[in-house]
Structures are given as structure tokens and as C-alpha cells.
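Structure at a glance
So the chains spell out like this:
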Amino acid sequence: SSDPLDTTVFMEGPSPSISEETLHTFVAPFGAIHYVKVPPSKSCGFIQYIRKSDAERAIEAHGGFPIGGYKVRLS
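Scoring rules and cut-offs
Residues numbered from 1 in each chain as written. Predicted model: local features only at pLDDT ≥ 70, side-chain atom pairs only at ≥ 80, totals over all residues. Heavy atoms only, no water. Helix = DSSP H or I, 4+ residues; strand = E, 2+ residues; numbered from the N terminus. Rg over C-alpha atoms; globule rule 2.2 N^0.38 Å. Buried < 20%, exposed > 50% of the residue type's maximum accessible area, 1.4 Å probe, protein only. Areas by Shrake-Rupley, 256 points an atom, 1.4 Å probe, with all protein chains shown as cover. Lys, Arg positive; Asp, Glu negative; His and termini not counted. Charge placed at Lys NZ, Arg CZ, Asp CG, Glu CD. Salt bridge = Lys/Arg side-chain N within 4 Å of Asp/Glu carboxyl O. Pairing = 2+ DSSP bridges.

By the naming in an unreviewed UniProt entry, the protein is RRM domain-containing protein, taken from Serendipita vermifera MAFF 305830.

Okay, here's the thing in C-alpha cells:
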């Protein structure tokens, strides 16, 4: 997105039982996080970073990367 305020990353493919805390540990190294949300019983999650550059770095680093044995895709 070209919107400088769009800092939310969508994650597709993690285990439906992954916790928000576990997901946070995988994505925290890329920058300050506003929140992590994992909808119950869904294979997806949302990560909102404080800065857009951190969100972009997470997307580049974790595309197709396994988290908890599941290959995930970030966008």
C-alpha cells in the first residue's frame, strides 16, 4: 500500500491454535508492535506495527517462512 499510515500486516497460514503471545515473539524483532490479533480457530493473524517500515521489513523477511511448523505468508 502507498498509504504511509498502513502499518497492519496480514498473516495467512499459521496454526489455528497459535496464541497471540507466540505470534508476537516471531514478529517482534522487526519493530515496535501496536497489537497482535489472532481470530479464534482461524489460520490467520493481524500484526499492527508502529512504523510502516517495520511492517514492510516483516513482510520481506517472513514471506513463506515457517512459524510453529506451518508455512506462513505475510502481506
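Structure shown, so let's carry the discussion forward.
Here the focus is the overall build of the protein. Per the secondary structure count, the protein includes two helices and six strands. Listing the helices and strands of the protein from first to last along the sequence gives β-α-β-β-α-β-β-β. Relative to the compact-globule value of 11 Å for 75 residues, the protein shows a C-alpha radius of gyration of 11 Å, a close match. With the C-alpha coordinates aligned to their principal axes, the bounding extent of the protein is approximately 30 × 20 × 20 Å. Per-residue burial for the protein yields a buried fraction of 36% across its 75 residues. Entry remark: accessible area of the protein is about 4400 Å², with carbon and sulfur atoms responsible for 56%. Treating the 7 positive side-chain charges of the protein as one cloud and the 8 negative ones as another, the clouds have centres 4 Å apart.

The backbone phi angle of Ser41 is positive, close to 60 degrees, even though this residue is not glycine. With respect to the helices and strands, the residue Ser41 is situated in the loop between β2 (33–37) and β3 (44–49).

Turning to the environment of Pro66, a few remarks are in order. By the element assignment, Pro66 lies in strand β4 (residues 66–67). Using a relative accessible area of 45% as the deciding quantity, one classes Pro66 as partly exposed. Between the C-alpha atoms of Pro66 and Gly13, which are 53 residues apart in sequence, the distance is 9.2 Å.

Oppositely charged side chains can pair when the atoms bearing their charge come close. Tallied over the entire structure, the rule returns three salt bridges. The salt bridge involving Glu12 is made with Arg73; its shortest N-O contact spans 2.8 Å. Here the residue Glu12 occupies a position in strand β1 (residues 8–12), and Arg73 occupies one in strand β6 (residues 73–74), the gap between them amounting to 61 residues. Measuring nitrogen to oxygen at the nearest pair gives 2.8 Å for the salt bridge that ties Asp54 to Arg51. Judged by its relative accessible area of 2%, Asp54 is buried. Arg51 gets classed as partly exposed once you look at its relative accessible area, which sits at 44%.

Right, let's talk about the pairing of β1 for a bit. Judged by which residues are buried, β1 turns out to be one-sided: Val9 and Met11 face inward and are buried, whereas Thr8, Phe10 and Glu12, on the alternate face, are not. Of the strand pairs in this sheet, β1 and β3 are connected by five bridges, and their pairing is antiparallel. What sits directly across from Thr8, in β3, is Gln48. Strand direction decides the pairing type here: β1 and β6, joined by two bridges, are antiparallel. Along β6, the bridge assignment pairs Met11 with Leu74.

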